[in-house]
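Given next are the chains, with one letter for each unit.
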Amino acid sequence: AEQVAKPHIALLPSPGIGHLVPLLEFAKHLVVHHNVHVSFLIMSSGEVSAIQDQLLDSSTLPPDLHVIHLPQVNISPSLNDDTSLITQLSRVCQESLKHLREILVELNLPKALIVDMFSTDAILICKELGVPVYSFFTSNTKGLAWVFYLARFMKEFRFAGLPNLIHVPGCESVGIDELPENILDVGDDVMRHFKRLSMVSGIFVNTWEDLESKSSWQNGIKNDPFYKTLPAPPIYPVGPVIKRDEAVAKSDDYIVSWLDNQSPNSVLLVSLGSGGTLTSEQMSELALGLEMSKQKFMWVVRKPNDFTSSGTFFNAGRGDDDPLSYLPEGFVERTAGAGLVVPTWAPQVAILRHEATGGFLSHCGWNSTLESLVHGVPMIAWPLYAEQKMNAASLIKEIEIAVKPLAVATEAGGKSSVVKREEVERVVRLLMESEEGKLMRVKANELKETAAKAFKPGGSSYELVSSIVKSWN
Ligand code: UDP
């Protein structure tokens, strides 16, 4: 009888590990802690992600979480052509969602559908079916404020050009250098998703009240008059929703054993998310800087890409090449003992959770950022794509747990730049052995406490989810 009483909810992540991870974890949270039955809908395009298959392995999922694959669409997103990452993402979603109606009908119409940023065609389909749609915003409240503001921003600046400092209602001002690359070129097909966000029944944000109370949340979209003029849905900070207790595969045991032999807080994890890649030049400067720093490090190494910084976004974890062969001559041998290089992919949460890990050089993807905060690990901010520069700026200026290396221009006009080895050495030492670094670790540990509190029964995030689930019953 209890089985029947459970509300049935469907979740639909956009492609990309950075969307899959938090939506899957939210699904697990709903099933395990809030007595919900979940259908988890997966889109697939031409690219294969070994990591996606691993994450969706049914033997690791709770019984009331069912994975359903939407028919594969005939698009092979490639990041070496000119079409931007979000345009390609949006295309895959649009094609896949042509099958959504029949699937929801087959599922007997769930009580609600939870989508993320690029699956907003689902809102229109669900409207006709009478299924309420919620959005799970996989970044922070500042990012969300931006998305709401973007339409006005485009109108103001598309032709006039950008000022150096932009005032986003409800946020600290944002510097032009913190904006995503080519922001004014965001096409109408992508803008359409952003505009539709105001049509959902509610927005879950992967943050918690204590984290953003100092910045965007407090004066934020909750109270700012600008947002009162929009049909803005209620916003629910329900995070940090991250991978918990990540299981380590047998083949990765050596990683944990290596950490076991290091002293507490001595190791810097270097990893750039599921999609991040460096140019060949940057990869060698980073290597040599790590070596010069004389600090312990664990580096998840990928084949460099001179054309895009999100080179593995659609095929995360595919190890079809020997990435270590791109490191400077003799680097692996010279740093043996001080560093461990791991090809392509590593169990990031298990590493961050380990007491030997004391710093994280990260691209500041929001999931990686949360994983670092939840484990009290301060960061070196190395933003690459999407909203990562904005995340980096918050981590440095507002949350105060990160330092950012300075890049120097490599050609006139500043289109491309590189962080030199001496600068890598400086920030690594700053984070791992200076007083400043220690202070950041103390702050990170304070946040770790508030994160844990928010997410467990009685905490702000947990109780918010409870009350929404009740409304579905
Ligand atoms: N990740 C991992 N191992 C890796 C690289 C990434 O487990 O070697 C996970 C990481 O823990 C995070 C996700 O992949 O959960 C990446 O999400 P994030 O938002 O940080 O970045 P994105 O990949 O979306 O840019």
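The name that an unreviewed UniProt entry assigns to the protein chain is Glycosyltransferase, with the source organism given as Daucus carota subsp. sativus. Looking at the protein chain in UniProt, the text filed under Sequence similarities (unreviewed entry) is "Belongs to the UDP-glycosyltransferase family." You can read under Pathway (unreviewed entry) in the UniProt record for the protein chain the words "Secondary metabolite biosynthesis; terpenoid biosynthesis."

### Let's talk about the environment of Ser 263
Residue placement: Ser 263 occurs in the loop between helix 11 (253-260) and strand 10 (267-271). Taking the number of C-beta atoms within 10 Å as the measure of exposure, Ser 263 has 10 and is therefore exposed. For the pair Ser 263 and Lys 296, spaced 33 residues apart in the sequence, the C-alpha separation amounts to 9.8 Å.

### Describing helix 4 (residues 85-96)
The end-to-end C-alpha distance of helix 4, which contains twelve residues, comes to 17 Å, matching closely the 16 Å that a straight helix rising 1.5 Å per residue would cover. Of the positions making up helix 4, those classed as buried are Gln 88, Leu 89, Ser 90, Val 92, Cys 93 and Ser 96. On the buried face of helix 4, the contacting elements are helix 6 (121-129) and helix 8 (188-196).

### Focus: the sheet that holds strand 14 (residues 379-381)
An order of 12-11-10-13-14-15 is seen for the six strands of this open sheet, with the pairing classed as parallel. Looking at which strands have only one partner, the edges of the open sheet turn out to be strand 12 (339-343) and strand 15 (402-403). Relative to strand 15, strand 14 runs parallel, the two being bridged by two bridges. Paired with Ile 380 across the bridge in strand 15 is Val 403.

### As for the packing of helix 7 (residues 141-157) against helix 8
Between helix 7 and helix 8, whose axes approach to 9 Å, the crossing angle comes to 125°. Judged by the inter-axis angle, helix 7 sits oblique to helix 8. With respect to the hand of their crossing, helix 7 and helix 8 are arranged in left-handed fashion. Residues Val 147, Leu 150 and Ala 151 of helix 7 form the contact with helix 8, whose participating residues are Met 191, Phe 194 and Lys 195. For the contact of helix 7 with helix 8, the class distribution of residues is five nonpolar, no polar and one charged.

### Things to note about unusual backbone geometry
In this model, Gly 239 is joined to Pro 240 through a cis peptide bond whose omega is 0°. Following the sequence through the fold, Pro 240 ends up in the loop between strand 9 (235-237) and helix 11. Not every positive phi belongs to a glycine, and Cys 364 is a case in point at roughly 65°. Looking at the element boundaries, Cys 364 is found in the loop between strand 13 (357-362) and helix 15 (366-374). A tally of 30 C-beta atoms within 10 Å means that Cys 364 is categorised as buried. The phi angle at Glu 400 is positive, at roughly 60°, despite the residue not being glycine. Within the secondary structure, Glu 400 sits in the loop between helix 16 (388-398) and strand 15.

### Quick notes on the sheet that holds strand 3 (residues 65-69)
If you walk across this open sheet you meet the seven strands as 3-2-1-4-5-8-9, and the pairing is parallel. Single-partner strands in this sheet number two, and they are strand 3 and strand 9. With strand direction ignored, the average angle separating the axes of adjacent strands in the sheet is 25°. Two elements, strand 2 (residues 37-42) and strand 3, share five bridges in a ladder whose sense is parallel. Pairing of Phe 40 across the sheet is with Val 67, part of strand 3.

### As for the pairing of strand 5 (residues 133-137)
Burial analysis of strand 5 places five of its five residues in the buried class, the great majority of the element. Taking every second residue as pointing to the same face, both faces of strand 5 are buried, with Val 133, Ser 135 and Phe 137 on one and Tyr 134 and Phe 136 on the other. With three bridges joining them, strand 4 (residues 112-115) and strand 5 adopt parallel strand pairing. If you follow Val 115 over to strand 5, its bridge partner there is Ser 135. For the segment spanning strand 4, helix 6 and strand 5, crossover handedness is right-handed. In this structure, strand 5 lies alongside strand 8 (residues 202-205), joined through four bridges in parallel fashion. From the neighbouring strand, Ser 135 faces strand 8, where its bridge partner is Ile 203.

### Focus on the nonpolar core
Leu 11, Ala 27, Leu 113 and Ile 380 are the most contacted members of the largest nonpolar core, which totals 122 residues. At nine residues, the largest contribution of residues to this core is made by helix 2 (residues 17-34). Setting aside chain neighbours within four positions, we find Ile 380 in contact with Gly 359, Leu 361, Ala 402, Val 403, Pro 405, Val 427, Val 428 and Leu 431.

Reading the values: the criteria
Residues numbered from 1 in each chain as written. Predicted model: local features only at pLDDT ≥ 70, side-chain atom pairs only at ≥ 80, totals over all residues. UniProt positions renumbered as here; feature names shortened; annotations may be inferred. Helix = DSSP H or I, 4+ residues; strand = E, 2+ residues; numbered from the N terminus. Buried ≥ 20, exposed ≤ 12 C-beta atoms within 10 Å, placed from the backbone. Expected span 1.5 Å × (residues − 1). Contact = placed C-beta atoms within 7 Å. Pairing = 2+ DSSP bridges. Axes fitted to C-alpha atoms, helices over the stretch in contact; angles between N-to-C directions. Parallel < 35°, antiparallel > 145°, perpendicular 65-115°, else oblique. Left-handed = near helix turned anticlockwise from the far one by under 90°. Nonpolar A, V, L, I, M, F, W, Y, C, P; charged D, E, K, R; others polar. Right-handed = clockwise from strand over helix to strand, strands pointing away. Core = buried A, V, L, I, M, F, W, Y, C linked by C-beta atoms within 7 Å.

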